[in-house]
Amino acid sequence: MKINENYKNLNESYLFSTISRRVKDFKAAHPNADVISLGIGDVTLPVCPHVIDAMVTATYDLGAIETFHGYGDEQGYTFLRTAIAKYYAKKHVQIDQSEIFIGDGAKSDLGNILDIFSTDNIVLIPNPVYPVYVDTNLMAGRKIIFANGSIENNFLPMPDPAVHADIIYLCSPNNPTGAVYTHAQLKTWVNYAIANNAVILFDSAYEAFIHDKTLPTSIYQIPNAKKCAIEFCSLSKTAGFTGVRCGYTIVPNELGHLNKMWLRRQTTKFNGVSYIVQRGATAVFNNFSPCKKNIARYMENAKLISATLTKLGIWHTGGKNAPYIWLKCPNGMTSWQFFDYLLEKHNIVGTPGIGFGLDGYFRFTAFATRKNTIRALKRLES
Ligand code: PLP
């Protein structure tokens, strides 16, 4: 056998695995240290009670002959896809059932979608960004070019008309910077994609955190986006589903063969999300306000983090329409130097910006508990 040589181009381990390992080593060496994590973007608030109720009921459904469910519908149950279509209708976006595919989270779909694209496509990825886009394309050996975010462009890079790309990733709200593209900016990206006969892979995993009503929460709010964009979303952060696992991908019928190819790919390699989880996800969309309350609670954490960083005179952005705060490491430190400094001196864990592609920066998440957020901020202030 021959191995996939492209794996040699990857970092030794996935960013968050490296962080976990370093924290574990630190804890082993300092068993009494009270380490607080504002690092890995995992949620801490429990799943809302009405969602739990729906999943409990669904569990009992499986135990009775009249309500038993085996393999589910190919693209996900109609009840969930109907609820998602209604959610989009509220955003003034019309999505047909046939365009919605239920999956076990955005990460899998973002990686798996690449099955339907040739490996000789040129991939354009914003930098810094969620590392999965780069790694999954490196695994396949695709050529990657970057659109660089910076303080000057508010970490919202725009396309260069002189540069051609076939596959374009956009992440809005962005992980890690928290930056959100405006309607006008997304329109420029849509026009660029159409001009290049390219596809946009739009990751809207944090759309529910957008507070500013003037900002788009779906690429399909932009005219003509259905001709060039696939949207990926997840209930992980929206509804505390990081451990439950459910997401969805929208492949518009206007993309013609891509919709049918994704259906073909999924029906061959994926057998759906559990009935129980899909019932839980449906409860999320049918009664969104309890989830919104949790989101609001996280966003209050973001405000507290931002206020402390302002007090300390540390440059930062994000945290207004996303659960992430992106900051410049003080005193010219590199990302990993600041990581070590925070861990060793203050027992706080954050995420080094270099892990997202940009050194000298750092990410805090608003997903810790209120108590731990406040404790961590007190340590920083002192
Ligand atoms: N997209 C972005 C931008 C993310 O930050 C994450 C998770 O952190 C995901 C997708 C994956 O989410 P999941 O696989 O839990 O749905």
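About the thresholds
- Residues numbered from 1 in each chain as written.
- Predicted model: local features only at pLDDT ≥ 70, side-chain atom pairs only at ≥ 80, totals over all residues.
- Heavy atoms only, no water.
- Pairing = 2+ DSSP bridges.
- Helix = DSSP H or I, 4+ residues; strand = E, 2+ residues; numbered from the N terminus.
- Right-handed = clockwise from strand over helix to strand, strands pointing away.
- Near = heavy atom within 4 Å.
- Polar contact = N/O pair within 3.5 Å; in protein donor to acceptor, adjacent residues only side chain to side chain.
- Areas by Shrake-Rupley, 256 points an atom, 1.4 Å probe, with all protein chains shown as cover.
- Nonpolar A, V, L, I, M, F, W, Y, C, P; charged D, E, K, R; others polar.
- Contact = heavy atoms within 4.5 Å.
- Salt bridge = Lys/Arg side-chain N within 4 Å of Asp/Glu carboxyl O.

### Focus: the pairing of strand β4 (residues 143-148)
Here comes step 1: Across 6 bridges, the pairing between strand β3 (residues 122-127) and β4 is parallel. Pairing of V123 across the sheet is with I144, part of β4.
Here comes step 2: Regarding topology, helix α5 (residues 132-140) serves as the crossover connection from β3 to the parallel β4, and that connection is right-handed.

### Here we look at the site of the ligand
Here comes step 1: Among the 14 residues in the neighbourhood of the ligand, the closest are listed as A106, D203, Y206, S234 and S236.
Here comes step 2: One of the side-chain nitrogen or oxygen atoms of N175 is found 2.7 Å away from an oxygen atom of the ligand.
Here comes step 3: When isolated, the ligand has an accessible area of 390 Å², and the protein chains bury 91% of it.
Here comes step 4: No other element matches helix α4 (residues 106-112), which puts 3 residues into the shell around the ligand.
Here comes step 5: Residues that form the shell around the ligand fall into these classes: 6 nonpolar, 4 polar and 4 charged.

### Remarks on the environment of A54
Here comes step 1: As for its placement among the helices and strands, A54 is situated in helix α2 (residues 49-62).
Here comes step 2: Separated by 165 residues in sequence, A54 and I219 have C-alpha atoms that sit 30 Å apart.
Here comes step 3: Sequence-distant contacts of A54, that is, excluding residues within four places in its chain, are made with R279, G280 and A283.

### What about the sheet that holds strand β13 (residues 361-365)?
Here comes step 1: Strand order across the open sheet formed by 4 strands is β9-β10-β13-β12, with antiparallel pairing between neighbours. Edge positions in the open sheet fall to β9 (316-318) and β12 (351-352), since each of these has one partner strand only.
Here comes step 2: In the sheet, strand β10 (residues 324-328) pairs with β13 via 5 bridges, with the strands oriented antiparallel. Within β13, the position partnered with Y324 by the bridge is T365.

### Details of the pattern of salt bridges
Here comes step 1: What the rule picks out here adds up to 10 salt bridges.
Here comes step 2: Where E99 meets K226, a salt bridge forms, and the shortest distance between an N and an O atom there is 3.1 Å. Note that E99 is positioned in the loop between α3 (78-90) and β2 (100-103) and K226 in the loop between β6 (199-203) and β7 (229-234), a separation of 127 residues in sequence.
Here comes step 3: Two residues, D115 and R265, come together in a salt bridge whose shortest N-O distance is 3.0 Å. You can see D115 sitting in the loop between α4 and β3 and its partner R265 sitting in helix α7 (residues 257-269), a full 150 residues away along the chain.
Here comes step 4: Salt bridges linked by common partners bring D34, R375 and R379 together as one network.

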